[in-house]
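Next come the chains, spelled out residue by residue.
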Amino acid sequence: MIEAATVKRLVRGALLAAAVGAGGCRAGLGGASTPAAVADVAPSGGVVERGEPSAITALAFRAPTLVAGTARGVRLWEGERGNEDEYETLGPDEGLPGNGVTAIGLDGDRNVWVATDAGIGRFSRAAKAEGAASAWRYQAMGGLAGITTLAPTTSGRDVLAWAGGADGLYRGDGTSWTPVDGVRGFIVSSLDLDADGRSAWVGTRARGLFHVDASGAREVPVGEDPAAIEEIVGTALTAVGTRVAAARAPSGSRLIFLEEGDAQSFRAQPDVRIAGIVDTGHGAELVAGPVGAERAYALQLLEAGEPPPPGGLRFVSVKKGTASARLKDRWVAVPLDVAVPPGVSAVAGGAGELFVGTTHVGVARAAKGRPAYLAGASLVGDADRLTVACASPARCFAVTDGPRAWLTDGDIYKEVAVGEADDATVLAVVTDRAGTIYALSSEPKYAGLVITRLARAAAASARASASGDLWKGFQRVPLTLPAPGPGISFAAISPAGVLWVGLRAHSAGGNVDDGGDVSAGALELDLASHHAIHHRALAAGERGTPEMLPLPAALTNIFFEPNATWFSSLSGVTRFSEGELRRWGENEGLRSELVHGVARGAGDTWWAATSEGLARLEGGSWRAYGGGEDAVVATRAIVRGPSGGELWVATAKGLRRLSPADVTAGRDGETVLPGDFRDVTFDRTGRAWALSSSAIALVSSSTPTR
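Just so you know, these numbers come straight off a predicted model, no measurement behind them.

Trainee: Go over the sheet that holds strand β26 (residues 331–335) with me, naming the residues and quoting the values.
Mentor: Taken together, four strands build an open sheet; the order of strands is β22-β23-β24-β26 and the sheet is antiparallel. In the strand order of this sheet, the two ends are held by β22 (273–279) and β26, each with one partner. The mean inter-strand angle of the sheet, taken between neighbouring strand axes irrespective of direction, is 35 degrees. Relative to β26, strand β24 (residues 295–301) runs antiparallel, the two being bridged by five bridges. What sits directly across from A298, in β26, is V334.

Given below as structure tokens:
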């Protein structure tokens, strides 16, 4: 292991200078009926996946733009299907006032209308000024409070937008909001526009359904006493042009078909909850089912005597012996061959697509097999690394993309301070062998690393207040960097108590797209003596200290052995042992020198996670490992499991577990969780924490594979 006091032979030479490779920068990015409160979904199978600290509050879609409302502001995706890893965030930095989004919508020009507790506003596209963080301009559109449904129009000729909330419905012309007679004082629960935008279908709580146009509001019969219905969830047009309303009632969810003559109201079985109804362009589609087990359904018109398809939801007329009772098998909800995430909180659709917001996992597009989760979840952001440190199994600190740490019991996440300055960015948390927790942060005007230590942890769980935690300053380490405020690629403490940090920095030139994210070497800090060494590339004519080592540029991770320390980097694998450095690259068998992790497996086997799949060290050379279709899947991280023999690997196609038996048989291992995974680590209790493009997953090491 590399420690200043034990280096046997100094290795001199300049550090290799190389820019840290980076993908496209997701620049500061980050329907619309308000969802009713949804009970949290109990985790099952020893796995809890979380992407958001709170529910997605609203969704709106107008192809190709999707927007979501969150407690932090607006998240926006724009582009063709499959490009949902590109997103923007619009929040306080772009002028959004208030504390969280309560309703959202898109007008015909795809401007984003937003309601918060501070009123209604609109984000419109503008020419991006030089140096500006965003091309969006916010304009306040009125101080209406309590708005929970928002529907901008397409043409804007007569009405720019409709808004509803606890005090009724309002019509806006861009300068003022006018209350709509006939629904004043009613709680508006849903709002759907007719094609011309001049009239709207307005759902309420316990007051029924209304159709509103320039002449006022007209009550629409719902086939039973409106007071018996808790709330109207929304309306949509079926494939044959019939408008159908979805509702919730104590005796079961409702579908109300607004055909000519009397409305026909049908009741679902008691455990079926309708979470949303939208028109995707293929007709009305439902998201419904028991909480936590929702599915997507299409409404199908059956011929007389035709049996409903398997798995369909049957709706029984609420009135027996009437015409609607005789037609009770005419409509059925047919399951679609797509999956939706659990814990649905908002639904939007169009252009043949169905999108779902959730209570804790973010936003997903309904897709075959598994929901396609969209990037940008609050717990993840643009992070490709996850660090976790636990004071107890129910009180852990997690850091992904900053600027703050998260306090969690694995289920509930809350932002928390870890002793950093108000304007600082938290970079990582680490734990030493004794269980002491350290936090690393950077400050805008300080070219160095700030380290704090948890002196006392609160005894309560993460669900309680964090006020009992006591963090104290530990050390400020000045660094020679291209610019203040370093980033990190890894942080780990050796068994001997030496902190190693892989450093990144932004050059004065700008962002990652400009080539500004560069390797800044590595920090080695003895936590007992506070002695620090910054291993880095030297400028022309600069003389380093005898302790500085020529580690490769763009370090990505580290692995400690009693007599050696291994490094992965974007230029291969390096081992430091007995004062000597040895490097392996493509000439030594690596299919790719873009290596994101290195670990020891069972026995004396060594493994590397590369952009071209796993590699294993055999006889001094590396060989590609794996067979079948997953052989060349990009691997982003590899970690040794608590048992010492198995390896856990984060790949572009899932989190995988590779046992010694798998290695003996030449198998690729088993999938623990599907998805696009970036990192995996273990806490002191033996639990795996994995970072995907959309969530943090807490996995018991005994969890069966999927």
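Trainee: Got a sec to walk through the packing of aromatic side chains? Specific residues and values, please.
Mentor: Enumeration over the complete set of coordinates arrives at 13 aromatic pairs. Ring plane angle 5 degrees and centroid distance 5.5 Å describe the contact between W566 and W584, whose orientation is recorded as stacked. Placement of W566 in strand β44 (residues 565–569) and of W584 in strand β46 (residues 580–584) is noted, with a sequence separation of 18 residues between them. Accessibility classification places W566 together with W584 in one group, the buried group. Of note, R476 hangs over the ring of Y446, and the distance from its end group to the ring centre comes to 4.3 Å.

Trainee: Outline the pattern of salt bridges, supporting the account with residue identities and numerical values.
Mentor: Tallying each qualifying case throughout the model produces 24 salt bridges. Note that R248 is salt-bridged to E231, the shortest N-O span being 2.4 Å. Here R248, found in strand β19 (residues 243–248), pairs with E231, found in strand β18 (residues 231–237); they are 17 residues apart in sequence, far enough to count as distant. Taking the relative accessible area as the measure of exposure, R248 reaches 10% and is therefore buried.

Trainee: Account for the pairing of strand β21 (residues 264–267), with residues named and values stated.
Mentor: Summarising the sheet, strand β20 (residues 254–257) and β21 pair through four bridges and their orientation is antiparallel. The residue of β21 that forms the bridge with F257 is Q264.

Trainee: Can you tell me about the pairing of strand β45 (residues 572–577), naming the residues and giving the values?
Mentor: Side chains on a regular strand alternate between the two faces of the sheet. By the bridge criterion, five bridges tie β44 to β45 in an arrangement that is antiparallel. Along β45, the bridge assignment pairs F567 with T574. Counting the residues that bridge the hairpin from β44 to β45 gives two residues. With five bridges connecting them, β45 and β46 associate as antiparallel partners. Residue pairing across strands places S577 opposite E580, the latter belonging to β46. Linking two consecutive strands that pair antiparallel, namely β45 and β46, is a turn of two residues; a positive phi of about 50 degrees is found at E578 within it.

Trainee: An account of the sheet that holds strand β8 (residues 119–125) is needed here, citing residue identities and associated values.
Mentor: Sheet architecture is open: four strands sit in the order β6-β7-β8-β9, paired in antiparallel fashion. Pairing within the sheet leaves two strands with one partner each, and these edge strands are β6 (101–106) and β9 (136–140). Sheet twist, expressed as the average angle between the axes of neighbouring strands with direction ignored, equals 25 degrees. Judged from the five bridges that link them, β8 and β9 form a sheet pairing that is antiparallel. Following the sheet pairing, R122 is matched in β9 by Q139.

Analysis parameters
Residues numbered from 1 in each chain as written. Predicted model: local features only at pLDDT ≥ 70, side-chain atom pairs only at ≥ 80, totals over all residues. Heavy atoms only, no water. Pairing = 2+ DSSP bridges. Helix = DSSP H or I, 4+ residues; strand = E, 2+ residues; numbered from the N terminus. Axes fitted to C-alpha atoms, helices over the stretch in contact; angles between N-to-C directions. Phe/Tyr/Trp six-rings, centres within 6.5 Å; stacked < 30°, edge-to-face > 60°. Buried < 20%, exposed > 50% of the residue type's maximum accessible area, 1.4 Å probe, protein only. Lys NZ or Arg CZ within 6 Å of the ring centre and 35° of its normal. Salt bridge = Lys/Arg side-chain N within 4 Å of Asp/Glu carboxyl O.

Note that every value here comes from positions in space, so none of it alone points to a role or purpose.
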